[in-house]
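Letter by letter, the chains look like this.
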Amino acid sequence: MSDLTIPERTFLSLKWLGLRQAKQGNREPLARAVIGVLVAATLATMLASLATGPIAVPVPELVPHMPAYFLSALEGAPEGVALRDWIVVMEIRLPRVVLGALVGAALAVSGAVMQGLFRNPLADPGIIGVSAGAGLGAALFIVLGNAALAPLMALFGIYAVPLAAFAGGLIATLMLYRIGTRSGITSVATLLLAGIALGALTGAMTGLLVYVADDQQLRDLQFWGLGSLAGSNWDKVQSAAPIIIAMLFGVPFLARGLNALTLGEAAAAHIGIRVQRLKNISILLVAAATGASVAVSGGIGFVGIVVPHLLRLTMGPDHRYLLPASALLGACLLIAADTLARTIVAPAEMPIGIITAFAGAPFFLWILLRRRGLTGL
Amino acid sequence: MLHQSITAAVSASALMVEGANVSAGKVPIVRDLSFRAEAGRMLAIIGPSGSGKTTLMRAMTGEAAYSGSVLLAGQEVAGLGPEALASLRGVLPQASQISFPLNVSEVVGLGLTGERRGRRQRHQRIAEALLRVGLAGFESRVYQDLSGGEQQRVQLARVLCQVWEPLPLGGSPRWLFLDEPVSSLDIRHQVQIMRLAQDYARRGGGVVAVMHDLNLTTAFADEVLVMRGGNRLAFGQRDAVMTAELLSEAYDFPLEILEREGARSVIVPAGGGTGTPWLLN
């Protein structure tokens, strides 16, 4: 065999990837290569985003000093670095990039998990109303956090808004699942229609809050509608990061089950998957991550649809690779979109939700067109 | 009416159903059904549509709740978890839609979900399974692009991967449950699939197949269970059960059997079917 002459784990050995493995239908080497490329692309996008803005900053010189900042060993700017550059990068741009990465990863992975769960590439927390439910939860705390809900606000601190969004998202997901599922079969058409109704209802309830909100709260509320990473700071990162990171580490354990679920729930059980447990954990993780994302960034749409779909086209639907790759591409694309959002109309800023909708909505329609011939939407 | 007494002895190499009642929703479908199938033999379940064949199958595979007793390898099916059941039996559904464009190799590989084995071994097993169902070289084809018959054979390869050894060393025999396995296939592939199932039984595994085709049943089954209205109409060895009289009663439709010298007989509608009224009852 020629195996001996070819290194097992060379990422970009095209001959090996293209010829030998494709014949066997093994897309795993390709998937690993894609993930390798995405790691590099995400890091590059992060650095580029840090360097982009009204003030030019020598980012490569600052990077070596960053670990010290997080270990709290550093007061003020490190030696040889202008204080202004340091503050711009560490207090303004870096939290925004980190938050963008977390939110992008959470949205893309939530989309991928939900699509696997509902066995349909058009399922997404944003489309079926989970985000709307999360938005209502967050809005309640933004507006009433200092009034009726003050005791809870005091109890949970910076985690109050993400937790409320999580609860809202979870309630919405459970309701949708109940409505859309009959005797183990989930009807996506029912799900989408129920999502529209639920979205309208939560929208109306959020709208009511406008009348009790003050000016600052109104501004905050408005940003829910469109989605934005403006106003990112380390507090927001700290409130969302634990939930999102826990979710990102949790989903790989769902990959095998989601793969089996492509056969349908009955067949997945036949090959040894505990389907009900898989569904419960998936819904919980999606609601948690969507809630945390919505709490810090509002309604950024379509990331959860575009990212997994692009990846399935490139490397196949195997969730063991699809989920980590979705996290990386989601992070990468959202940081890029956010960089565009804050430079395209400078010195003003465009809500990032506008950009993702401009790119994502036509993409959604394209998927719909391609699937028109298939049964069951 | 045939009757075979059911021995009470629990056997690790048998599928024992005793007094089983199965409901779909709140409607009782299978009522007080008993029979015993042995590993190494092929059991066909026949009967008219709506007689409870598939519901019974769902109970035996652990998918549907039941009352009474269903013992597989001496263990109550309802008490076994999905992992334990998966290592004991494979299930081939009637037809399978797959939600994402997996390729053939990936679909067959799902049968190895519960196994920890090296990548190379996995792919070797997948290739062997595809060879058996006559789809060697189909590994990189997308499942959705295949014909219905090819899809069904890919699914069989997946199930074979899951319960590869019919009689594992030191373990109890494994079982194949096939729900109308050949309905969507042409005659050549029907026979090929039935031969594969028969071979699985000959090598020591148990095979239970819900069948619509009476001639394939006559050709391949060792035992036959005839169901009607959720009850057992007959159960026993093929030649004893597959009589014109009994089948006509089962399907409420006149059937006759054409005997052939040195070959299995053929079952056809009585008088070629032309004499039978279109509107039954």
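Residues numbered from 1 in each chain as written. Chains lettered and ligands numbered in written order. Predicted model: local features only at pLDDT ≥ 70, side-chain atom pairs only at ≥ 80, totals over all residues.

Points about the interface of chain B and chain A
Moving on, step 1. Counting residues at the interface gives 26 residues for chain B, matched by 25 residues for chain A.
Moving on, step 2. Secondary-structure elements contributing two or more residues to the side of chain B that touches chain A are α2 (82-88) and α3 (104-109) of chain B.
Moving on, step 3. Looking at the side of chain B that touches chain A residue by residue, the class counts come to 10 nonpolar, 12 polar and 4 charged. (Contact = placed C-beta atoms within 7 Å. Helix = DSSP H or I, 4+ residues; strand = E, 2+ residues; numbered from the N terminus. Nonpolar A, V, L, I, M, F, W, Y, C, P; charged D, E, K, R; others polar.)

Let's talk about the sheet that holds strand β10 (residues 231-237) of chain B
Residues and elements named next belong to chain B.
Moving on, step 1. Ordered by their spatial adjacency, 6 strands build an open sheet running β6-β7-β8-β3-β9-β10, and the pairing between neighbours is mixed. A single partner strand is all that each edge strand has here, and the edge strands are β6 (89-92) and β10. Taken over all neighbouring pairs, the strand axes of this sheet differ in orientation by 15° on average, direction set aside.
Moving on, step 2. Sheet topology places strand β3 (residues 42-46) next to strand β8 (residues 206-210); 4 bridges connect them, and they run parallel. Note that in β8 the partner of Ala44 across the bridge is Ala209.
Moving on, step 3. Across the face of the sheet, helix α5 (residues 148-162) comes into contact with β6 and β7 (175-179) while running at roughly 175° to β6. (Pairing = 2+ DSSP bridges. Axes fitted to C-alpha atoms, helices over the stretch in contact; angles between N-to-C directions.)

A word on the environment of B:Glu245
Moving on, step 1. Locating B:Glu245 in the fold gives a position in helix α9 (residues 244-251).
Moving on, step 2. Expressed as a C-alpha distance, the spacing of B:Glu245 and B:Gly52, which sit 193 residues apart in the sequence, is 21 Å.

Some points on the packing of helix α6 (residues 130-144) of chain A against helix α14 (residues 275-297) of chain A
Helix-helix packing is characterised by the crossing angle of the two axes and by the distance between the axes.
Residue and element names in this part refer to chain A.
Moving on, step 1. Look at α6 against α14: their axes get within 9 Å of each other, and the N-to-C directions meet at 55°. Comparing their axes, α14 and α6 come out oblique. By crossing handedness, the relation of α6 to α14 is classed as right-handed. Taken together, the residues of α14 that come into contact with α6 (itself represented by Val130, Ser131, Ala134, Gly135, Gly137 and Ala138) are Ala287, Thr290, Gly291, Val294 and Ala295.
Moving on, step 2. Residue composition of the contact of α6 with α14, by class: 6 nonpolar, 5 polar and no charged. (Parallel < 35°, antiparallel > 145°, perpendicular 65-115°, else oblique. Left-handed = near helix turned anticlockwise from the far one by under 90°.)

Remarks on the domain arrangement of chain B
Put simply, an interface is often sized by how much accessible area is lost when its parts join up.
Residues and elements named next belong to chain B.
Moving on, step 1. Here chain B is partitioned into domain 1 (14-242) and domain 2 (243-281).
Moving on, step 2. Domain 1 and domain 2 are separated by 27 Å when their C-alpha centres are compared.
Moving on, step 3. Between domain 1 and domain 2, the residue contacts involve 12 residues of the former and 9 residues of the latter.
Moving on, step 4. At the level of elements, α7 (214-220), β9 (223-228) and β10 are the ones that each hand at least two residues to the side of domain 1 that touches domain 2.
Moving on, step 5. The greatest single-element share of the side of domain 1 that touches domain 2, amounting to 4 residues, is contributed by α7.
Moving on, step 6. Each residue belonging to the side of domain 1 that touches domain 2 can be placed in one class, and the counts come to 8 nonpolar, 3 polar and 1 charged. (Domains from an automatic or database assignment.)

Some remarks on helix α5 (residues 83-118) of chain A
All names here are of chain A.
Moving on, step 1. Between its terminal C-alpha atoms α5 stretches 51 Å, which fits the 52 Å expected from 36 residues at 1.5 Å a residue.
Moving on, step 2. Along its length, α5 reaches its greatest deviation from straightness, about 40°, at Arg93, and the proline Pro95 lies no more than four positions downstream.
Moving on, step 3. Judged by how many residues are buried, α5 sits mostly within the fold: 26 of 36 residues are covered.
Moving on, step 4. Of the residues trailing α5, Arg119 is marked for its positive phi of about 55°. (Expected span 1.5 Å × (residues − 1). Bend = angle between axes of the 7 residues up to and from the residue. Buried ≥ 20, exposed ≤ 12 C-beta atoms within 10 Å, placed from the backbone.)

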